[in-house]
Amino acid sequence: MSVVDQEISDLARLSRLNLTPEEEEELGEDLNEILEFAEKINEVDTEGIEPTYHALPVNNVFREDEVRPSPSPKPALENSADSVDGYFVVPRVIEE
Amino acid sequence: METELLDLSLNELQNKLQNSEISPVELVEASISRYQNFDKEINSFVSFNSKESLQKAREVDVSRENGPLAGIPLALKDNLCRAGYATTCGSNILEGHRPPYTATAVKAIEEAGAIIVGNANMDEFAMGSSTETSAYGLTRNPWDTERVPGGSSGGSAAAVAAGIVPAALGSDTGGSIRQPAAFSGVVGFKPTYGRVSRYGLIAFASSLDQIGPITRTVEDAALLTEIISGHDPADSTSLDQPVPEYHGNINPKPENLTVGIPAEYFGEGVDEEVETIVRQAASDLKAEGAELVDVSLSTTEQAISAYYVIATAEASSNLARFDGVRYGPRAQEFEDMIDMYSQTRAEGFGAEVKRRIMLGTFVLSSGYYEAYYGKAQKVRTLIKRDFENAFEKCDLILTPTTPTAAFKLGSRVDDPVQMYMNDVLTAPTNLAGLPAITLPVDANSDGLPVAAQLIGPSLSEQMLFDIAYLLQELSPWEPCSAPLKE
């Protein structure tokens, strides 16, 4: 399997990365090389084997549904590039 | 004098502080002096707070009730959150980021009295094996400044090796504590997955990440592990199990010990000198009464491929949050919201992070998910079974930590696959969630440290510290700082 040019720009879009044409070309080559390396997993017979998503047998962890202190909006917003009146500001999404 | 001071173990420092043989101010001054003399050359820190650390040293009461680390300077990897202090993951996308909260492990060492002098350099977002991808410039190996210190916790390892701090915290996703510790001639420990809370560790691959210590001795690694371990309601994957007193209970009993030697970890791709040195370490244990047995970890070669599929998949998801809205700088020019995200990320992330986000997005994308991500998770099951089967025949497994000693700067940074192969002997333990310790056992013919790795079953921390301590005593390598020239 290999990543074709069309897919590189699709992947960049899905990854939310604006790439230059040079970056796209380089990444295309790198990804193909890395995927060849990744495909070593196909050497292993996994017929009937269940996947492991988590290394340890930890089940759902529940807690009491009670009110606990949480950060106030001020410190939560302090690292934001743009905020006003306790909200994050983003570029306009819905046109007038 | 100052070099001698910073060569002491945490326990020795603690005793000297309590007997008033040294003061915390002298200790912090020694650390600052080492930093000023050597860090221009090795660049192990991204931030160093001399003034504030001295102030804290003046105020600290070193009596025992104030904690086992009272008055001792330590460093943090730059991906561990500390309220109010810049934490950037070595990335421009988190430039100036000051978290509003402190990581549980960091809180633990603060409560134990440590003076955190600064943040250590790292590969951007912990993605690398050489500490050459940081936005703050590369870090050099204190044993040979033309070589890499390993990565991604290369700054933590180099700072300890250079004697700037006696110990540091790092994080290990596929070997990021152990590989740089091995390259830098220091001890590194990756605890059992869940032993240490990940709350406040900026996530790379959540099912693999674990915080751990980088120290000069095995005893110090045991002490720091004991301090940072434990259940944390803020991390639902942290284990609700009691934390033993590892440090005070180190007691090597090699007589009834069976040590597994996996052929797959000594074969092709492993430097001959490394193999000879690590086999000698195995013989040293045998001479003390341990039994050596051959074990097979047949999926080793495929494990590193499975690791890169799983780790990049998780990373592409974890790093989606860096979009110029909640943290970090925002791109100045863009057309709309999506373009703002994409331009901010294009400007903020370096090449290796982009590569891994793209790869992770690919292996999770529809049409490829089953072939890559799904398949890798099944291989992960077999990797776990390999270890389980091996531990039916042995108590622990002894291997080299890395296929080679530290390599030259720039020699692999343009070849991702060759760089990824650095983790071939460390990543399988992350996939299986197992604890593993690395310690230097000898020097190679270039004078570079060569390390052995001990891997144990889940929660076998105490045994690993016991046997690593024994190896530390038996091996030719003496814990020390690198001989940097001023």
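So, a few notes on the structure that sits alongside this text. Here the structure is a predicted model, which is why all the values come from computation and not from measurement. Throughout, a residue's number is its position along its own chain's written sequence, starting from 1. Chains carry letters from A onward and ligands carry numbers from 1 onward, assigned in written order. Given that the model is predicted, a residue must reach a pLDDT of at least 70 before its local features are reported, and side-chain atom pairs must reach 80 or more before they are shown or counted; all residues, however, enter totals for whole chains, interfaces and linings. Remark: hydrogens and water are excluded; side-chain values derive from all non-hydrogen atoms of the structure.

Any carboxyl oxygen of Asp or Glu within 4 Å of a side-chain nitrogen of Lys or Arg constitutes a salt bridge here. Tallied over the entire structure, the rule returns 18 salt bridges over all chains. Because the salt bridges share partners, they merge into one network encompassing Asp30 of chain A together with Glu352, Arg355 and Arg356 of chain B.

Time to look at the nonpolar core. Residues and elements named next belong to chain B. Membership of the largest hydrophobic core comes to 112 residues, with the highest contact counts inside it found for Phe125 and Phe387. Sort the elements by how many residues they give to this core and helix α10 (residues 300–318) lands first, with 10 residues. In contact with Phe387, other than residues within four places in its own chain, are Tyr265, Leu297, Ile397, Pro428, Thr429, Ala432, Leu434 and Ile455. Counting 32 residues, the second largest nonpolar core, distinct from the first, contains Leu10, Leu13, Ala30 and Ile211. Only buried residues count toward a nonpolar core. Its members are Ala, Val, Leu, Ile, Met, Phe, Trp, Tyr and Cys residues joined through side-chain atoms within 4.5 Å. Between buried and exposed lies partly exposed: a residue is buried under 20% and exposed over 50% of the maximum accessible area for its type, with that area taken using a 1.4 Å probe on protein chains only. By the criteria applied, helices consist of DSSP H or I runs no shorter than four residues and strands consist of E runs no shorter than two, each listed in order from the N terminus. Contact criterion: two residues are considered in contact whenever any of their non-hydrogen atoms come within 4.5 Å of each other.

Attention now goes to the interface of chain B and chain A. Taken together, the 66 residues of chain B in the interface contact 49 residues of chain A. Accessible area that two parts lose when put together, evaluated with a 1.4 Å probe and summed over both, is termed the buried area. When residues of chain B are sorted by the area they lose upon contact with chain A, Met358, Tyr372 and Lys375 of chain B head the list and together hold 13% of the total. On inspection of chain B and its partner chain A, the count reaches 3 salt bridges. A salt bridge links Glu23 of chain A to Lys354 of chain B; its shortest N-O distance comes to 2.9 Å. Polar contact criterion, stated in full: a pair of N or O atoms within 3.5 Å, where within protein one must be able to donate a hydrogen and the other to accept it, and residues adjacent in sequence count only if both atoms are side-chain atoms. Summed over the shared surface of chain B and chain A, the number is 24 residue pairs in polar contact (both at pLDDT 80 or more). Put simply, the parts of the chain that give the side of chain B that touches chain A at least two residues each are α10, α11 (337–348), α12 (351–364), α13 (370–393), α14 (416–420) and α15 (427–432) of chain B. In terms of residue count, the dominant contributor to the side of chain B that touches chain A is α13 of chain B (13 residues).

Another point: the environment of Leu5 of chain B. Residues and elements named next belong to chain B. Relative to the helices and strands, Leu5 resides in helix α1 (residues 2–7). A sequence separation of 22 residues divides Leu5 from Leu27, and the C-alpha atoms of the two residues are 7.3 Å apart. Excluding anything up to four places from it in sequence, Leu5 contacts Leu13, Ile22, Glu26, Leu27 and Ala30.

So, on to the packing of aromatic side chains. Aromatic rings from Phe, Tyr and Trp, taking only the six-membered ring of Trp, are treated as a pair when their centres fall within 6.5 Å; an angle between ring planes under 30 degrees marks them as stacked, one over 60 as edge-to-face, and anything in between as tilted. Inspection of the entire model under this criterion finds 20 aromatic pairs over all chains. With 5.6 Å between their ring centres and 90° between their planes, Phe183 of chain B and Phe407 of chain B make a pair best called edge-to-face. One end of the pair, Phe183 of chain B, is in helix α7 (residues 178–184); the other, Phe407 of chain B, is in the loop between β9 (396–400) and α14, with 224 residues separating them in the sequence. With respect to class, Phe183 of chain B is no different from Phe407 of chain B; both count as buried. Every member of this aromatic cluster is reached through a ring pair, and the members are Phe37 of chain A together with Tyr307, Tyr308 and Tyr420 of chain B. Here Arg82 of chain B stacks its cationic end above the ring of Tyr85 of chain B, 3.6 Å away from the centre of that ring. The side chain of Arg279 of chain B reaches across the aromatic face of Phe266 of chain B, ending 4.3 Å from its centre. By definition here, charges over rings are those cases where NZ of Lys or CZ of Arg is within 6 Å of the ring centre and within 35 degrees of the ring normal.

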